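Overview (structure and organization)
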Amino acid sequence: MNAITFAAQASALQASYQSLKDAEPKLRAREAAKRLQVSEAELVAAQCGVTAIPLQGLAQAMFRALPPFGRVMVLSRNEHCVHERHGEYEDLHCEDKPVGMVLGKDIDLRMFFNNWVHAFAVTEGERRSVQFFAADGEAVHKVYLTEHSNASYWTEFVGRFAAESATWPQITHYPADTAATAVADPAAFRKAWQALTDTHGFFPLLKKFNVSRLAALQAAGADLAQQVAQDAVETMLSRAAEQALPIMCFVGNRGIVQIHSGPVAKLLRTGPWFNILDPDFNLHLNTTAIASCWVVNKPTDDGWVTSLEVYAADGELIVQFFGVRKPGVPELPAWRALLRDLCSQPLAE
């Protein structure tokens, strides 16, 4: 797309977006993009020269340059759940390889950089952010500066990675998942599940049997995975808050998994959204999108580890909860008891 065509397309989308914002000032960018039938990356690209600056270079290099911002708010989400965490980027492991990690005490991430394709620096009023998008234009990860951030570093960061000129994002849609929706040999699959020694072995198990995550739960047997009530997340979070029980909350998309570890306190429903609104951690879960909830039970070298997993109608994993734990440390008995109480049938012990 040449500069003239880019300018014309950007101008038209800017005008449509502004009209939408004028009518609905609180409308989020993701929803606005849907209304305008474009991707969110295209919506941001249309603001280049106004509120956005296109960035270029390896996503890993940009990510390694984020720590000098100091304390920030990081946001990762999927279609139905938003995970926001305040903290600093510490203990980064993101060499120029497809997979990276951040293992800080506040910001805890797993990155899959092959899906980090588009990036922009965005200034909206007093709010500045660095935003990353996948090939299909869906947001992967956003970094928002706060009043506690090192705002003076903004110019240096943007100067290092700013593209010479804006180009329209080439949007590429990902192929449909080809994993089977039923387990061909349930007995063999169950045996392999029972032989797990680490929770990280579950994804390779799915790959080995070429089966979707939800199909695996449906085939495992109630002692390993059983469906629980539709409102199990609200029940679990309410009880965890009452007990000040530290939990782990995982929300991911194709480019990242963002994790919170710690207790939760302030819970609030707003329409279809069930929210955690704590000072350093916010979660926004659209409960109308929940098709099923499962208590999942995996054997490890440290004993059984249980999780609560939430799925959409299309089989997408929306959000996942564990009790706080580290490798080499057994699961919190209070967490296991809480999840056991959600179940109608016994779990394997």
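Attention in this report is confined to the structure presented alongside it.

What counts, and where the lines are drawn
Residues numbered from 1 in each chain as written. Predicted model: local features only at pLDDT ≥ 70, side-chain atom pairs only at ≥ 80, totals over all residues. Heavy atoms only, no water. Phe/Tyr/Trp six-rings, centres within 6.5 Å; stacked < 30°, edge-to-face > 60°. Helix = DSSP H or I, 4+ residues; strand = E, 2+ residues; numbered from the N terminus. Buried < 20%, exposed > 50% of the residue type's maximum accessible area, 1.4 Å probe, protein only. Pairing = 2+ DSSP bridges. Axes fitted to C-alpha atoms, helices over the stretch in contact; angles between N-to-C directions. Contact = heavy atoms within 4.5 Å. Arc of directions from axis to C-beta. Salt bridge = Lys/Arg side-chain N within 4 Å of Asp/Glu carboxyl O.

**Some points on the packing of aromatic side chains**
Enumeration over the complete set of coordinates arrives at 15 aromatic pairs. Pairing Phe-63 with Tyr-89 gives two aromatic rings, centres 5.3 Å apart and planes at 80°, and the pair type is edge-to-face. Of this pair, Phe-63 sits in helix H4 (residues 59-64) while Tyr-89 sits in the loop between strand S3 (81-87) and strand S4 (92-93), and the two are 26 residues apart along the sequence. Each member of the pair, Phe-63 together with Tyr-89, is buried. Measuring from centroid to centroid gives 6.3 Å for Phe-69 and Trp-154, while their planes differ by 50°, and the two rings are tilted. Of the two residues, Phe-69 is situated in the loop between H4 and strand S2 (70-77) and Trp-154 in helix H5 (residues 154-161); the sequence distance between them amounts to 85 residues.

**Things to note about the sheet that holds strand S9 (residues 139-149)**
What holds strands together in a sheet is hydrogen bonding between their backbones, with the strands either parallel or antiparallel. The nine strands lie next to each other as S1-S7-S8-S9-S2-S3-S15-S14-S13, forming an open sheet whose pairing is antiparallel. What marks the edges here is a single partner per strand, and that holds for strand S1 (52-54) and strand S13 (267-270). Neighbour-to-neighbour, the strand axes of this sheet turn through a mean angle of 15°, independent of strand direction. In this sheet, S3 lies alongside S2 in antiparallel orientation, the contact comprising six bridges. Each residue of the ladder has a partner; that of Arg-77, found in S3, is Val-82. Taken strand by strand, helix H9 (residues 232-243) contacts S13, strand S14 (273-277) and strand S15 (281-286), and its axis lies near 150° from that of S13.

**Focus: H5**
Among all positions of H5, only Trp-154, Phe-157, Val-158 and Phe-161 are buried. Projected down its long axis, H5 carries its buried residues within an arc of 90°, all on one side. The exposed residues of H5 that point more than 90 degrees off its buried face are Thr-155 and Gly-159. Against the buried residues of H5 lie S1, H4, strand S7 (118-124), strand S8 (127-133) and S9.

**Comments concerning the sheet that holds strand S6 (residues 108-112)**
The strand order S4-S5-S6-S12-S11-S18-S17-S16-S10 describes an open sheet built from nine strands, whose pairing is antiparallel. Either end of the sheet is taken by a strand with one partner, and the two such strands are S4 and strand S10 (225-228). As paired strands, strand S5 (residues 99-103) and S6 are joined by five bridges and run antiparallel to one another. Along S6, the bridge assignment pairs Val-99 with Phe-112.

**Observations concerning the environment of Phe-63**
Accessibility expressed as a relative area gives 0% for Phe-63, which makes it buried. For Phe-63 and Gly-100, which are 37 residues apart along the polypeptide, the C-alpha to C-alpha distance reads 9.7 Å. Among residues more than four places away in sequence, those in contact with Phe-63 are Tyr-89, Leu-92, Cys-94, Val-102, Leu-109, Met-111, Phe-113, Trp-116 and His-141.

**Considerations on the pattern of salt bridges**
Tallied over the entire structure, the rule returns 21 salt bridges. In this structure, the salt-bridge partner of Lys-142 is Glu-40, at a minimum N-O distance of 2.4 Å. Residue Lys-142 is located in strand S9, and its partner Glu-40 is located in helix H3 (residues 40-45); the two are separated by 102 residues in the primary sequence. A cluster of three or more residues bridged by salt bridges with shared partners is formed by Arg-30, Lys-34, Glu-79 and Glu-138.

**A short note on helix H2 (residues 29-36)**
Looking at H2, one finds that the buried residues are Arg-30, Ala-32 and Ala-33. Down the axis of H2, the buried set is contained in an arc of 160°. They therefore lie on one face. Looking one or two residues beyond H2, the residue adopting positive phi is Gln-37, at roughly 60°.

**Observations concerning the pairing of S3**
Counting buried positions over the seven residues of S3 gives six, a clear majority of the element. The antiparallel pairing of S2 with S3 creates a hairpin that spans three residues between the two strands. Sheet topology places S3 next to S15; five bridges connect them, and they run antiparallel. Counterpart to His-83 in the pairing with S15 is Leu-283.

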